[in-house]
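Descriptive analysis of the structure
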Amino acid sequence: MKKILILSGSPRVNGNSSLLCDEFAKGAREAGHEAEKIIIAKKKVGGCFGCSACMRNGGNCVQKDDMIEIREKMIAADIIVLSSPIYYYTVSAQLKAVIDRCYAFGHDKLCKKTFYYIISCAAPTEDYADTMLATLRGFVSCAPEAKEGGYILACDTHDAGDVKNTELMKKAFEMGKNV
């Protein structure tokens, strides 16, 4: 059994990337894995101060917010799913705050983990996701021996619920089932 943490960076709780996260989790649970989804927009996660105090504090940030809980769950997970709609060619502010705060511990505590990406965007074609994929892959490359397990890209999904009853939902379920 694998422990899966899904970090949903959508500010829309029932948005398209969030719905795909739910299907991924459903598939993972059906396969006997443990899956937890954190909706980052419901958490208080401040942006990195760039103070490097964490480097002097054993990887502990000076901010006392919900990133403490998220950090522990990321460290405990075998698989981490990073999910977000595309905002101006990259991740949402909510997910970016979490990524930036991983500076305190990610280079050694996220080693050897497998990462999946779930992305939604209003744009009509996949090439609009190049910058976002580069951002996510850049983050994962900072953790030695971490790897990408796969990704789902839901193009042309502007309105909440556009992914419902599509092949993308089945793909998310199967991806979760086959982690």
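As a reminder, the structure under discussion sits directly above these lines.
Remember, it's a predicted structure, so these values are computed and weren't measured experimentally.

Turning next to the environment of Ile39. Position of Ile39 relative to the elements: it lies in strand E2 (residues 34-39). C-alpha of Ile39 to C-alpha of Arg137: the two residues are 98 residues apart in sequence and 21 Å apart in space. In contact with Ile39, other than residues within four places in its own chain, are Ser8, Ser10 and Val13.

Turning our attention to the environment of Ser120. The residue Ser120 is located in strand E4 (residues 114-120) in this model. Separated by 37 residues in sequence, Ser120 and Ser83 place their C-alpha atoms 8.4 Å apart. Each residue touching Ser120, except ones within four places of it in the same chain, is listed here: Asn16, Ser17, Ser84, Pro85, Ile86, Ala154 and Thr157.

A word on a nonpolar patch on the surface. A surface patch of nonpolar side chains, amounting to about 510 Å² of accessible area, comprises Tyr87, Tyr88, Tyr89 and Tyr128. Here Tyr128 is to be found in the loop between E4 and helix H6 (130-141).

Another point: helix H3 (residues 67-76). The periodicity of an α-helix, 3.6 residues per turn, causes residues three or four positions apart to be oriented the same way. Every buried residue belonging to H3 is among Met67, Ile70, Arg71 and Met74, and all of these are buried. Angularly, the buried residues of H3 cover 105 degrees about the axis, an arc narrow enough to put them on a single face. Buried residues along H3 sit in contact with strand E1 (3-8), E2, strand E3 (79-85), helix H4 (93-101) and H6.

Time to look at the sheet that holds E4. In space, the five strands of this open sheet follow the order E2-E1-E3-E4-E5, with parallel pairing throughout. Each having just a single partner strand, E2 and strand E5 (147-154) make up the two edges of the open sheet. Mean inter-strand twist for the sheet, computed between neighbouring axes without regard to direction, equals 15 degrees. Note that E1 and E2 share six bridges and pair parallel. Bridged to Ser8 within E2 is Ile39. Across the sheet, helix H7 (residues 167-177) touches E4 and E5, and the angle it forms with E5 is around 165 degrees.

Taken as a whole and judged by the stated rule, the model has 11 salt bridges. Across the pair Glu69 and Lys43 runs a salt bridge, and its minimum N-O distance is 3.1 Å. Pair noted here: Glu69 is in helix H3 and Lys43 is in the loop between E2 and helix H2 (53-56), with a separation of 26 residues, a long-range link. In this structure, Arg71 and Glu72 form a salt bridge, with 3.1 Å as the shortest nitrogen-oxygen distance. Classification of Arg71 as buried rests on a relative accessible area of 13%. Within the structure, one salt-bridge network assembled from shared partners comprises Glu36, Lys43, Glu69 and Lys73.

Let's shift gears to the packing of aromatic side chains. On inspection of all chains with the given rule, the structure shows three aromatic pairs. Judged by centre distance (6.3 Å) and plane angle (20 degrees), the rings of Tyr89 and Tyr128 are stacked. Linking Tyr89 in the loop between E3 and H4 with Tyr128 in the loop between E4 and H6, this pair joins segments that are 39 residues apart in sequence. Overall, the relative accessible area of 45% leaves Tyr89 in the partly exposed class.

Further remarks concern the side chain of Gln63. By secondary structure assignment, the location of Gln63 is in the loop between H2 and H3. For Gln63, a relative accessible area of 11% gives the class buried. Within the structure, the side chain of Gln63 is placed 2.9 Å from the backbone oxygen of Gly47, a separation counted as a polar contact. Look past the residues within four positions of Gln63 in its chain and what remains in contact with it is Gly46, Gly47, Cys48, Phe49, Ile68 and Arg101.

Cut-off values and rules
- Residues numbered from 1 in each chain as written.
- Predicted model: local features only at pLDDT ≥ 70, side-chain atom pairs only at ≥ 80, totals over all residues.
- Heavy atoms only, no water.
- Helix = DSSP H or I, 4+ residues; strand = E, 2+ residues; numbered from the N terminus.
- Contact = heavy atoms within 4.5 Å.
- Patch = residues over 30% accessible without salt bridge, like charges linked within 9 Å, V, L, I, M, F, W, Y side chains within 5 Å.
- Areas by Shrake-Rupley, 256 points an atom, 1.4 Å probe, with all protein chains shown as cover.
- Salt bridge = Lys/Arg side-chain N within 4 Å of Asp/Glu carboxyl O.
- Buried < 20%, exposed > 50% of the residue type's maximum accessible area, 1.4 Å probe, protein only.
- Arc of directions from axis to C-beta.
- Pairing = 2+ DSSP bridges.
- Axes fitted to C-alpha atoms, helices over the stretch in contact; angles between N-to-C directions.
- Phe/Tyr/Trp six-rings, centres within 6.5 Å; stacked < 30°, edge-to-face > 60°.
- Polar contact = N/O pair within 3.5 Å; in protein donor to acceptor, adjacent residues only side chain to side chain.

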